[in-house]
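Residues per chain are reported as follows:
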Amino acid sequence: MEPDLNNSDILSQQVEQSSPPEVLLIEEPHRYECSSCGYIYEPTVGDPRRGIGEGTLFTDLPKEWRCPVCTARPASFSDIGIPSKPSGFTENLGFGFGVNVMTPGQKNLLIFGSLAVAFAFFMSLYALD
Ligand SMILES: [Zn+2]
C-alpha cells in the first residue's frame, strides 16, 4: 500500500480556500489622528469646511489637505483604526487602581492596624498621667 502523496496537495488547497474573502477587507473606514494636536479625522464626517464630503477616506484626501486644527500635513496623521474596534481597554480601566489592588485581608489589616496604633497612642497618653 503506497502512502497517499496527494495528501499535502489537498491540504494546501484547503488552506487557500479558507483564506478570508476580499469582502471582509472592506470594513469601516479607518480614522486618522493628528499627532500634533490630537484631531481625529472621521471619514464618515469628512471635512465639510474644506469641501471634503462625508465618506471620504483619509487616503483619498487631496495632498494639499491640512489638519483643520493645527494645519499639520496628512503625513503627520496616524491610523487609529475603525471607530467600533473593540479594545476592552476602557472596561478594564477601573481595575488595577486604588483599593482594588488590595485583597480584603489587606484592607482589614490596614483598618484594624491603624485603629490599634491609634489606641496604643491614646493609651500612652493615659500612661503619662
Ligand atoms: Zn492637528
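Here's what I pulled together on the structure shown here.

About the criteria used
Counting restarts for each chain: residues are numbered from 1 in the order of the written sequence. Local features are withheld for residues below a pLDDT of 70 in this predicted model, meaning they are given only at 70 or higher, and side-chain atom pairs are given and counted only at 80 or more; totals for whole chains, interfaces and linings count all residues. Secondary structure elements follow DSSP: runs of H or I no shorter than four residues count as helices, runs of E no shorter than two count as strands, and numbering proceeds from the N terminus. Exposure in this text rests on C-beta crowding, where 20 or more other C-beta atoms within 10 Å of a residue's own make it buried, 12 or fewer make it exposed, and counts in between make it partly exposed. The C-beta atoms are placed from the backbone. For every residue pair, C-beta atoms are placed from the backbone, and the pair is scored as a contact if these atoms sit within 7 Å. One requirement defines pairing of two strands: DSSP has to find at least two bridges between them. Nonpolar cores are built from buried Ala, Val, Leu, Ile, Met, Phe, Trp, Tyr and Cys residues. These are joined into a set through C-beta atoms within 7 Å. The span you would expect from a helix comes to 1.5 Å times its residue count less one.

Things to note about the overall build of the protein chain
In terms of helices and strands, the protein chain carries two helices and three strands. The helix and strand sequence of the protein chain, counted from the amino end, reads α-β-β-β-α. The 129 residues of the protein chain split such that 6% are buried. A separation threshold of at least 6 residues defines the contact pool for the protein chain, and within that pool the share at least 24 residues apart is 56%.

Things to note about the sheet that holds strand 1 (residues 31–34)
Across the sheet, three strands lie side by side as 2-1-3; this open sheet has antiparallel pairing. Every interior strand has two partners, whereas the edge strands, strand 2 (40–41) and strand 3 (77–81), have only one. The pairing of strand 1 with strand 3 spans four bridges and is antiparallel. Within strand 3, the position partnered with glutamate 33 by the bridge is serine 78.

Points about the nonpolar core
With five residues, the main nonpolar core is built from Tyr32, Cys34, Tyr41, Cys67 and Phe77. With near-sequence residues (within four places) excluded, tyrosine 32 lies in contact with Tyr41, Phe58, Phe77, Ser78, Asp79 and Ile80.

Some words on unusual backbone geometry
Non-glycine residue threonine 71 carries a positive phi angle of around 55°. In this structure, threonine 71 sits in the loop between strand 2 and strand 3.

Some words on the pairing of strand 1
Two elements, strand 1 and strand 2, share two bridges in a ladder whose sense is antiparallel. Paired with tyrosine 32 across the two strands is tyrosine 41, which belongs to strand 2.

Some thoughts on the environment of serine 35
Note on placement: serine 35 falls in the loop between strand 1 and strand 2. With 40 residues separating them in the primary sequence, serine 35 and alanine 75 have C-alpha atoms 9.5 Å apart. Discounting residues that sit within four places of it in the chain, serine 35 has contacts with Ser76, Phe77 and Ser78.

Some words on helix 2 (residues 104–128)
Taking 1.5 Å per residue as the helical rise, helix 2 with its 25 residues ought to reach 36 Å, and the 36 Å between its terminal C-alpha atoms agrees with that figure. The buried fraction of helix 2 amounts to zero of the 25 residues, a small share that puts the element mostly on the outside.

Regarding the environment of leucine 61
Mapped onto the elements of the fold, leucine 61 is located in the loop between strand 2 and strand 3. Residue class for leucine 61 comes out partly exposed when judged on the 19 C-beta atoms lying within 10 Å of it. Taking the C-alpha atoms as reference, leucine 61 lies 9.8 Å from proline 43; in sequence the two are 18 residues apart. Leucine 61 has contacts with Ile52, Thr56 and Pro74, leaving out every residue within four places of it along the chain.

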